[in-house]
Amino acid sequence: MRVEPRRSNVPWRGCRSIFLLPTSGRPGTGGRTMDHADNSDLEAMDIAVEPTDAVAYELARLRHSCAHLMAEAVQDLFPDAKFGIGPAIEHGFYYDFDLPRPLAPDDLEAIESSMRSNQARREPFSRQVVSRDEALRIFAENPYKVELIRDLPADEIITTYRQGEFLDLCRGPHVDTTGDIGPFKLLSIAGAYWRGDEKRPMLQRIYGTAWRSQDELDAHLERLQEAQRRDHRRLGRELDLFSVSEEIGPGLILWHPKGAMVRYLVEQFEQQEQLARGYDLVNTPHIASEKIYQISGHLETFRENMYAPMSIEEVDYYLKPMNCPGHIMIYKSRVHSYRDLPIRFAELGTVYRYERSGTLHGMLRVRGFTQDDAHIFCTVDQVVDEVRSVIDFAIHMAGVFGYEFQAYLATRPTKAIGSDEVWERATTDLIRAMQERGWSYKIDEGEGTFYGPKIDIKWVDALGREWTGPTIQVDFNLPERFDVNYIAEDGERHRVAMIHRTLLGSMERFVGGLIEHYAGAFPVWLAPVQAVIIPITDGQIEAAEDVKRQLERAGLRVEVDTSRDRMQAKIRNAQLQKVPYMLVIGKREEVARAVAVRPRSGPDLGAMSIDDFLAIVQPRIASHSLTLSDLDGTEA
RNA sequence: GCCGACGUAGCUCAAUUGGCAGAGCAGCUGUUUUGUAAACAGCAGGUUGCGGGUUCGAGUCCCAUCGUCGGCUCCA
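Conventions we followed
Residues numbered from 1 in each chain as written. Chains lettered and ligands numbered in written order. Predicted model: local features only at pLDDT ≥ 70, side-chain atom pairs only at ≥ 80, totals over all residues. Heavy atoms only, no water. Axes fitted to C-alpha atoms, helices over the stretch in contact; angles between N-to-C directions. Helix = DSSP H or I, 4+ residues; strand = E, 2+ residues; numbered from the N terminus. Parallel < 35°, antiparallel > 145°, perpendicular 65-115°, else oblique. Left-handed = near helix turned anticlockwise from the far one by under 90°. Contact = heavy atoms within 4.5 Å. Nonpolar A, V, L, I, M, F, W, Y, C, P; charged D, E, K, R; others polar. Pairing = 2+ DSSP bridges. Core = buried A, V, L, I, M, F, W, Y, C linked by side-chain atoms within 4.5 Å. Buried < 20%, exposed > 50% of the residue type's maximum accessible area, 1.4 Å probe, protein only. Phe/Tyr/Trp six-rings, centres within 6.5 Å; stacked < 30°, edge-to-face > 60°. Lys NZ or Arg CZ within 6 Å of the ring centre and 35° of its normal. Polar contact = N/O pair within 3.5 Å; in protein donor to acceptor, adjacent residues only side chain to side chain. Salt bridge = Lys/Arg side-chain N within 4 Å of Asp/Glu carboxyl O.

Caption draft 1: Summary view of the packing of helix α12 (residues 383-401) against helix α13 (residues 420-436). Where α12 meets α13, the closest approach of the two axes is 9 Å, and the angle between their N-to-C directions is 55 degrees. Considering the angle they form, α12 stands oblique to α13. In the packing of α12 onto α13, the handedness of the crossing is right-handed. Contacts between α12 and α13 pair V383, V384, V387, R388 and I391 from the former with D429, L430, R432, A433, M434 and E436 from the latter. The class makeup of the residues in the contact of α12 with α13 is seven nonpolar, no polar and four charged.

Caption draft 2: Representation of the sheet that holds strand β27 (residues 594-599) in the model. Judged by pairing direction, the sheet is mixed, and its five strands sit side by side in the order β25-β24-β26-β27-β28 without closing on themselves. If you trace the sheet from one side to the other, it starts and ends with β25 (558-560) and β28 (606-609), each paired once. Between one strand axis and the next, the sheet turns through 30 degrees on average, direction left out of account. Summarising the sheet, β27 and β28 pair through four bridges and their orientation is antiparallel. Bridge pairing links V597 to G606 in β28.

Caption draft 3: The nonpolar core, seen in detail. Within the largest apolar cluster, 61 residues are counted, with the highest numbers of intra-cluster contacts made by V387, F401 and I455. It is α12 that provides the largest number of residues to this core, a total of eleven residues. In this view, F401 contacts V266, F269, L504, F510, L514, H517, Y518, W525 and L526; residues no more than four positions away in its chain are not counted. The next biggest cluster of nonpolar side chains, apart from the first, holds 29 residues, and it includes C66, L69, F83 and L103.

Caption draft 4: Representation of the packing of aromatic side chains. Applying the stated criterion to the full structure yields 23 aromatic pairs. Consider the rings of F269 and W525, whose centres lie 5.4 Å apart with planes at 70 degrees: the pair is edge-to-face. With F269 in helix α8 (residues 257-276) and W525 in the loop between α15 (507-517) and β24 (531-535), this residue pair connects regions lying 256 residues apart in the sequence. Residue F269 is classed as buried on the basis of its relative accessible area of 7%. Overall, the relative accessible area of 6% leaves W525 in the buried class. Counting every residue linked through ring pairs, the aromatic cluster contains F269, F401, Y403, W459, F510 and W525. The cationic tip of R116 hangs over the ring face of F184; the distance from NZ or CZ to the ring centre is 4.5 Å. Above the face of the W255 ring, R263 is positioned so that its terminal group lies 4.8 Å from the ring centre.

Caption draft 5: Geometry of unusual backbone geometry. Backbone torsion omega between G172 and P173 reads 0 degrees, so that peptide bond is classified as cis. By the secondary structure assignment, P173 is in the loop between β6 (166-169) and β7 (184-193). A cis amide bond, omega 0 degrees, links L341 with the succeeding residue P342. Tracing the backbone shows P342 in the loop between α11 (324-331) and β15 (343-352). The residue E313 is not glycine, and still its phi comes out positive at about 45 degrees. Following the sequence through the fold, E313 ends up in the loop between β13 (310-312) and β14 (315-319). Note on E313: relative accessible area 75%, which makes it exposed. Although it is not a glycine, K578 adopts a positive phi angle of roughly 60 degrees. On the secondary structure map, K578 appears in the loop between α17 (567-576) and β26 (581-585). Residue K578 is classed as partly exposed on the basis of its relative accessible area, which comes to 25%.

Caption draft 6: Structural view of the side chain of Q119. With respect to the element layout, Q119 can be found in helix α3 (residues 105-120). The exposure class of Q119 is buried, given its relative accessible area of 15%. At 3.0 Å, the side chain of Q119 and the backbone oxygen of G182 are in polar contact. The contacts of Q119, once residues within four sequence positions are left out, are L69, T178, G179, I181, G182 and F184.

Caption draft 7: Structural detail: the pattern of salt bridges. Under the definition given, this model contains 40 salt bridges. Between D231 and R233 there is a salt bridge; the shortest N-O distance is 2.5 Å. The class of D231 is buried, set by a relative accessible area of 16%. Here R388 and D385 are joined by a salt bridge, their closest N and O atoms 2.3 Å apart. In this pair, R388 and D385 both sit in helix α12, three residues apart, roughly one turn of the helix. In this structure R388 comes out as partly exposed when scored by relative accessible area, which is 22%. Where salt bridges share partners, they join E147, D151, R195 and R200 into one cluster.

Caption draft 8: Fine view of the pairing of strand β16 (residues 368-378). Burial runs high along β16: eleven of the eleven residues are buried. Side-chain alternation along β16 places G368, T370, D372, A374, I376 and C378 on one buried face and F369, Q371, D373, H375 and F377 on a second face that is also buried. Pairing analysis gives ten bridges linking β15 to β16, with the strands arranged antiparallel. Among the inter-strand pairings, Y352 is bridged to a residue of β16, identified as G368. Pairing between β16 and strand β23 (residues 497-506): seven bridges, direction antiparallel. Bridging across to β23, A374 finds its partner in R501.

Okay, here's the thing in structure tokens:
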């Protein structure tokens, strides 16, 4: 199975990654993972699908045909257009064009309507085998196609496909006629570097989606809208969770009280879990002198992501981009016996990294973030066990937040420190740990860190989107560079192994993801406000305040809505704020010393005593339940 | 950083071909004291992102800049 590297600034859009058919009979490519320059394969393959899945195959064929249909329309509109590649991708397709002018939204409509009339014409797709020279002659006017042809393996059978007036270099296969393409919609225009290389020309890319039936298309468009409704930037403002300020700077998150409460609850929970698993908490400074980053190799390999140094008494100091050097220095502050190991240092460590302006995205891609970072110092023999227990920990955390997950093994990048043997060993250890855990994993070729390979765990959220979050890295390199040792049974110094890991990734990205995962409706244990008490008239404010005090004594986060809105408006506001419980108090409840409980998710539970309400809520808080009452088993 | 689009009140949006910058919600004040998703009225709110330019006159046209959005590249 071959995996295309993810390319997107939005972490979950990584699910755009696609799977290619095995390239039987193509020497030199079997089993090789695609790299960024491998788009020629994409074009040659054209159809990109999970090999086992017939439906996916059919969809991909249809979508790739739709890309051709779109290219035909673009050619009509821009006779001078030069064509790049137009593969099927997950949920749709795109095609890259070199056009004489920028596309505008109106163009999409024109292209779409031209596509529809060509679709109605039911133009057949016809395949021709051509020689390399013929192919070069046919596409002589088109430098991109020429490049693709030149890069094809010598024994490649070169084919073209024609429908109507449009002829394309293409391996196919296609549907029989344009009439078989099914309902489609063009979605967006974007720039994209030719062959993904930022040094090469930028082409205009049109994204579209196509399905077998109108119902499937409608469902997909509905999913896109749902994703928009869940956008954490929108919910972050509406629920008053966080903001960014141009004056403070882009990519720097301001956590408002409610967002900070969610973060605090996540952090507190995780810290407790860590302490229960033999971690020690540490703290390290936000800046450090250049000396440490010379030793670590950061200045060598990570400098472009680091902020410019500040000079303090003629020594350059850097904002820390990672927490590892600090933890290493804590370890090294004294001699360690093999009996001490493993030592596990955990820190909610805030790091700053320069990210290019175009990559920033709400809380999901920022310039300052807090990692739930830990470094495990252990013997080489303990690595596999430790990695395995980190994996268990990660599974546990995923379950608490209701995520499915998928593991990726990221291997040695081009820019790396350390010998081949060391990398080999670290990679093998990671694979062993995953195998012993019974995990299947995919491979992200060359996506490891500069000091070691890693397991990236990607959450799959309620909408089926993937998020890069937790990461586990085995590192034999930094211990070497920092000369990190322990005294073994033989009385000699031995090198430690290090495991870097996060379980949630960063608090920014994790909470941002949580917002979208829960659509802002946090489970009651995470909700910044767990209950709003709604007095029906001013007469019940006192009773409401009294109830609030009782609930606060029981450890709940509660507000009283003392506004002069009518009850209906108060309920609406609480509902829009996605507060788990509304506790209505009118005259009847006041007299009965009760509250009428209305969960945001379900029907009114009627009036009950405070104790009865607590009996509903407290177990759910303690168990991190996703439900608010026995009546809603499925609320997410 | 690159390609494209977009920046008007706290939020969502209006404003003919360049001709006095408006509405709803939120906010404040008053009236209403209300039974499960928006009571009524009034007031206030803006150097149209920032800086230049063209013009008698710029939210509108031009240039530059900052930011946002969709992608590309890169990443927790």
